[in-house]
Amino acid sequence: MMIQGLSNDILTSIFLSMALASATTLILLVLATPLAWWLAHSRARWKEAIAAVISIPLVLPPTVLGFYLLIALGPNGPGGMLASLWGARTLAFSFPGLLIGSVLYSMPFVVQPIRNAFEAVGERPLEVAATLRASPWRAFWTVAVPLASPGFLTGAILGFAHTVGEFGVVLMIGGNIPGQTKVLSIAVFDYVETSQWGTAHLLAGGMVVFSFCVIFSMMLIEKRLRQARL
Amino acid sequence: MKACRFLFLLFFFAASVVELKSAFAETVNIAVAANFTDPAKEMAQIFKEKTGHDAILSFGPSVQLYTQIKESAPFQIFLSADGELPKKLIEEGSAVPDSSFTYAIGRLVLWSKKSGFVKNEDVLKKGNFTKLSIANPASAPYGVAAVEVMKALNVYDALQSKIVQGNSIAQAFQFVDSENAELGFIAQSQIMTRADGSGWQVPQKLYKEMRQDAVLLKSGENNEAAKAFITFLKGSVAKNIIKKFGYAIAGKP
């Protein structure tokens, strides 16, 4: 009976959260890799300022980000201009809007581990690759990326998990639309608010188990990779 | 060392302020339904001037406040957006029996920030907009009323895909005010001070009357400030504020 009560609504929310987290992680890996590389190797003095900007969402209340996004995604902001390309008025209340919010919000969780990994690899292996006539591009893909793979893995897992756990930003720009913006965390909030604590318990418990699995598997993977390298 | 002394002084200063306050006046913590935010703020100010007591307000969707009260949140009075939740609190023993009364009757407005956009229900029938904002019907009476109105007008099925939900009536308004939604069902009180935009006051016959009840909570039974606020809320000063913000007043209590 409980399972029937699980209904489409919940399954849709779970699916939506997974889709949002996967898409966010993919976009972030593409964006974060060059960014992290630059942060690790540039000698520009202002690079730490850029690093700080990327890390701001770590300390910023989600409501601040949500507030700015609500304005920026709206018809009078850049988001509205972008949306008008396909005839919409606003990016708020839409999956692309949530995606933009999530990418910003989870960015530090992906950039930081990859940057650390690139820095740990250092210049030396790349110089050696260069003496073996590898082009910088080839050295990057065949030397730097494989050596930094634990950083990529950590970044991807953290980015994914953090997006699944996102709440405040989605609450402020989502509009609670089933199948489009009603993600898992919002669904839990809804169930608690409407005193459906049975369902809330089920979902909340599931989230705890999920989070544990994510963190635990990350630790195991990191440990294995470290041992493999020694 | 200096910092230490400073902190010490600060502590004593803070302690003495608390001391002073309690010598003269008491404090009442009030949980206020989001739609009543503006009038409640004005009331708290006048209440302070008149009685010296401090009314500290917390705003949120009624159901959320109800849940917090049940989990022993430190409130002494609850101004709900409906009549059910105060009744439930009394039945469950969290509120003082017979203390609930209707302090205001909410009015629903269809509003847009664009001037001339909303004149009457025709805008709903035409449907030439992309997003319509309402409060979450699962937790906010204004959301329930909005759905009732759309059903009464036979436009609910057609509009369903355009509805976005705010977590409270405050957020529903925020979606319209930021123009992310072209229009929305909001509380009359939210636009009383606004000169811009366009609105249609929804006729009462299209939705169930939204009686908003207040209740004295068990933790406020012996709180002077709480009792004073209840008296104040029933008085003519408060009633004028309530009317000024676009609510109706219930007939003789």
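A. Examining the overall build of chain A more closely. Summing up its helical and strand segments, chain A has 11 helices and zero strands in all. For chain A, the sequential pattern of α-helices and β-strands runs α-α-α-α-α-α-α-α-α-α-α. The principal-axis extent of the C-alpha atoms belonging to chain A is close to 65 × 45 × 30 Å. The buried share among the 230 residues of chain A stands at 37%. Look at the contacts in chain A between residues 6 or more apart in sequence, and 70% of them connect residues 24 or more apart.

B. Spatial organisation of the packing of helix H2 (residues 37-51) of chain B against helix H10 (residues 236-244) of chain B. Residue and element names in this part refer to chain B. Interhelical geometry of H2 versus H10 gives an angle of 155° and a closest axis separation of 9 Å. When the interaxial angle is binned, H2 and H10 end up roughly antiparallel. Where H2 crosses over H10, the two elements pack in a sense that is right-handed. In contact with Pro39, Glu42, Met43 and Ile46 of H2, H10 contributes Val237, Ala238, Ile241 and Ile242. Looking at the contact of H2 with H10 residue by residue, the classes come out as seven nonpolar, no polar and one charged.

C. Highlighting the interface of chain A and chain B. Tallying the contact residues gives 19 residues for chain A and 16 residues for chain B. Of all the secondary structure elements, the ones that give two or more residues to the side of chain A that touches chain B are helix H3 (62-73) and helix H10 (184-193) of chain A. Element by element, the count of residues in the side of chain A that touches chain B is highest for H10(A), at three residues. Taken together, the residues of the side of chain A that touches chain B sort by class into nine nonpolar, seven polar and three charged.

D. Spotlight on the sheet that holds strand S2 (residues 54-60) of chain B. Residue and element names in this part refer to chain B. The five strands are arranged S2-S1-S3-S10-S4 in an open sheet whose pairing can be described as mixed. Unpaired on one side and paired on the other, S2 and strand S4 (101-106) mark the two borders of the sheet. Across the sheet, the axes of successive neighbouring strands diverge by a mean angle of 20°, strand direction being ignored. For strand S1 (residues 27-33) and strand S3 (residues 77-79), the ladder comprises three bridges, and the chain directions are parallel. Residue pairing for S3: Val32 is matched across the bridge by Leu79. The strands touched by helix H3 (residues 62-70) within the sheet are S1, S2 and S3, with S1 carrying the most contacts at an inclination of about 140°. Relative to strand S10 (residues 210-216), helix H4 (residues 84-91) is tilted by about 30°, and along the sheet it contacts S3 and S10.

E. Expanded view of the environment of A:Thr90. In this fold, A:Thr90 is placed in the loop between helix H4 (78-84) and helix H5 (95-121). The class of A:Thr90 is buried, set by 29 C-beta atoms lying within 10 Å. For the pair A:Thr90 and A:Asp9, spaced 81 residues apart in sequence, the C-alpha to C-alpha distance is 25 Å. Apart from the residues within four sequence positions on either side, A:Thr90 is in contact with A:Leu73, A:Gly74, A:Pro75, A:Gly79, A:Gly80, A:Ala83 and B:Asn180.

F. A look at the confidence of the model for chain B. With 89% of its residues at a pLDDT of at least 70, chain B reaches an overall mean of 89. Here the complex is predicted with pTM 0.78, and the ipTM for its interfaces comes to 0.74.

G. Highlighting helix H8 (residues 169-177) of chain B. All names here are of chain B. A large share of H8 lies buried, amounting to nine of its nine residues. Regarding H8, the residues found buried are Ile169, Ala170, Gln171, Ala172, Phe173, Gln174, Phe175, Val176 and Asp177. For H8, the elements touching its buried residues are H2, strand S5 (108-112), strand S6 (132-135), helix H6 (141-152), strand S7 (163-166) and strand S8 (183-187). Of the residues trailing H8, Glu179 is marked for its positive phi of about 65°.

Parameters at a glance
Residues numbered from 1 in each chain as written. Chains lettered and ligands numbered in written order. Predicted model: local features only at pLDDT ≥ 70, side-chain atom pairs only at ≥ 80, totals over all residues. Helix = DSSP H or I, 4+ residues; strand = E, 2+ residues; numbered from the N terminus. Buried ≥ 20, exposed ≤ 12 C-beta atoms within 10 Å, placed from the backbone. Contact = placed C-beta atoms within 7 Å. Axes fitted to C-alpha atoms, helices over the stretch in contact; angles between N-to-C directions. Parallel < 35°, antiparallel > 145°, perpendicular 65-115°, else oblique. Left-handed = near helix turned anticlockwise from the far one by under 90°. Nonpolar A, V, L, I, M, F, W, Y, C, P; charged D, E, K, R; others polar. Pairing = 2+ DSSP bridges. pLDDT = per-residue confidence, 0-100.

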